[in-house]
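# Chains, contacts and geometry: an overview
Listed below are the residues making up each chain.
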Amino acid sequence: MIRKPSFMVLVAAAVLSCGGDATGPEVGVCDTRHGAEVCADRAEYERSETVVVTTRNVSSRPIFQDVCSTKLVGVTSLARTFEEDYNPRLRCGNGATAADVRANMVRIEPGESFDERLSFTLFAFQGYYRANVWIVDEEGQLAAETPATSGVFRVFPSSGE
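The structure reproduced in this document is the subject of the present report. (Residues numbered from 1 in each chain as written. Predicted model: local features only at pLDDT ≥ 70, side-chain atom pairs only at ≥ 80, totals over all residues. Heavy atoms only, no water.)

## So, the state of the cysteines
Heads up, the rule is: Sulfur atoms of two cysteines make up a disulfide when they are within 2.5 Å. The helix and strand labels rest on DSSP assignments: H or I over at least four residues marks a helix, E over at least two residues marks a strand, and numbering proceeds from the N terminus. Exposure categories follow from relative accessible area, calculated using a 1.4 Å probe and restricted to protein chains: below 20% of the type maximum is buried, above 50% is exposed, and the middle band is partly exposed.
One pass over the structure, following the stated rule, counts two disulfides. Two residues share a disulfide in this structure: Cys68 and Cys92, whose sulfurs sit 1.9 Å from each other. Disulfide Cys68-Cys92: the torsion about the S-S bond is -75 degrees, which places it as left-handed. Pair noted here: Cys68 is in strand β5 (residues 63-75) and Cys92 is in helix α2 (residues 89-92), with a separation of 24 residues, a long-range link. Judged by its relative accessible area of 0%, Cys68 is buried. Given the relative accessible area of 24%, Cys92 is considered partly exposed. Disulfides within the protein chain link the bonded cysteines, taken in sequence order, as 1-2, 3-4.

## Describing the environment of Asn104
Keep this limit in mind: Whether two residues are in contact is decided by their heavy atoms: any pair within 4.5 Å suffices.
Here Asn104 shows up in helix α3 (residues 98-104). According to the relative accessible area criterion, Asn104 is partly exposed, its value standing at 36%. Distance from Asn104 to Arg91, taken between C-alpha atoms, is 9.9 Å for residues 13 residues apart in sequence. Leave out the neighbours within four places in its chain, and Asn104 touches Val67, Cys68 and Cys92.

## Some remarks on the packing of aromatic side chains
Stated formally: Aromatic pairing here means that ring centres of Phe, Tyr or Trp (its six-membered ring) are within 6.5 Å. Orientation follows from the plane angle: under 30 degrees is stacked, over 60 is edge-to-face, and everything else is tilted.
All told, the structure shown has six aromatic pairs when counted by the stated rule. Relative to Trp134, the ring of Tyr86 lies with its centre 5.2 Å away and its plane at 70 degrees, an arrangement referred to as edge-to-face. Taken together, the positions of Tyr86 in the loop between β5 and α2 and Trp134 in strand β8 (residues 127-136) put the pair 48 residues apart, joining distant regions of the chain. Look at Trp134 and you get buried, because its relative accessible area is 2%. What links up through ring pairs into an aromatic cluster is the set Tyr45, Phe120, Phe125, Tyr129 and Phe153.

## Section: the pattern of salt bridges
Selection criterion: Here a salt bridge means any side-chain nitrogen of Lys or Arg lying within 4 Å of a carboxyl oxygen belonging to Asp or Glu.
Under the definition given, this model contains nine salt bridges. For Arg154, the salt bridge goes to Glu44, with nearest N and O atoms at 3.7 Å. Of this pair, Arg154 sits in strand β10 (residues 153-156) while Glu44 is found in strand β3 (residues 44-46), placing the two residues 110 residues apart along the sequence. Its relative accessible area of 9% is what places Arg154 among the buried residues. When its relative accessible area of 38% is taken as the criterion, Glu44 is described as partly exposed. When the shortest N-O distance is used, the salt bridge between Glu116 and Arg91 registers 2.4 Å. Linking Glu116 in strand β7 (residues 113-119) with Arg91 in helix α2, this pair joins segments that are 25 residues apart in sequence. With a relative accessible area of 5%, Glu116 lands in the buried category.

Here it is in C-alpha cells:
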C-alpha cells in the first residue's frame, strides 16, 4: 500500500531542503544608519555571553561614537518597537554631561572601526536584541535623533537554566 506524505512531512522537507530551520524570522547582525555600520559578532547568544559590537564608519568624514550611551535593547517579538532613548548616564554616571561625553567619545575615521564589548543585564530575557550606538558631533551633541543600530540578533536561555 502506498501512502501520500502528510502535510507536516512536506513542510519539514521544504524547510530542510532550503538549508533553513523553523525557529523564526531571519535576522541580520548588521545595520547601517547615520554613516555607521553597526554589527554584532554573532546571530545568537546565551544571556551569560558577551556581545562584541563593531561600529564601522561608512561615511566620507569622521564620526564620533558616544560610548557613554551604547546599550543592548531587546523585545520579545519583532512586532514590537525597540527602545531608542538617549541616556549618557548609562555608562558615564548619573551626573554625565556633554563634557563627559566628549571625554569618552571615540573618533572613527572613514573606513575604520571600533569594537566594544557589551554584557546583558541581570534581567535579560529571551528574545530579539540589537545594540543602540549614538553618534555625536565633535562637541558631544547628538548628530541624529535616533541611534545607529546593529542588526537584530537572538538571545536564548543559558544552557544551565
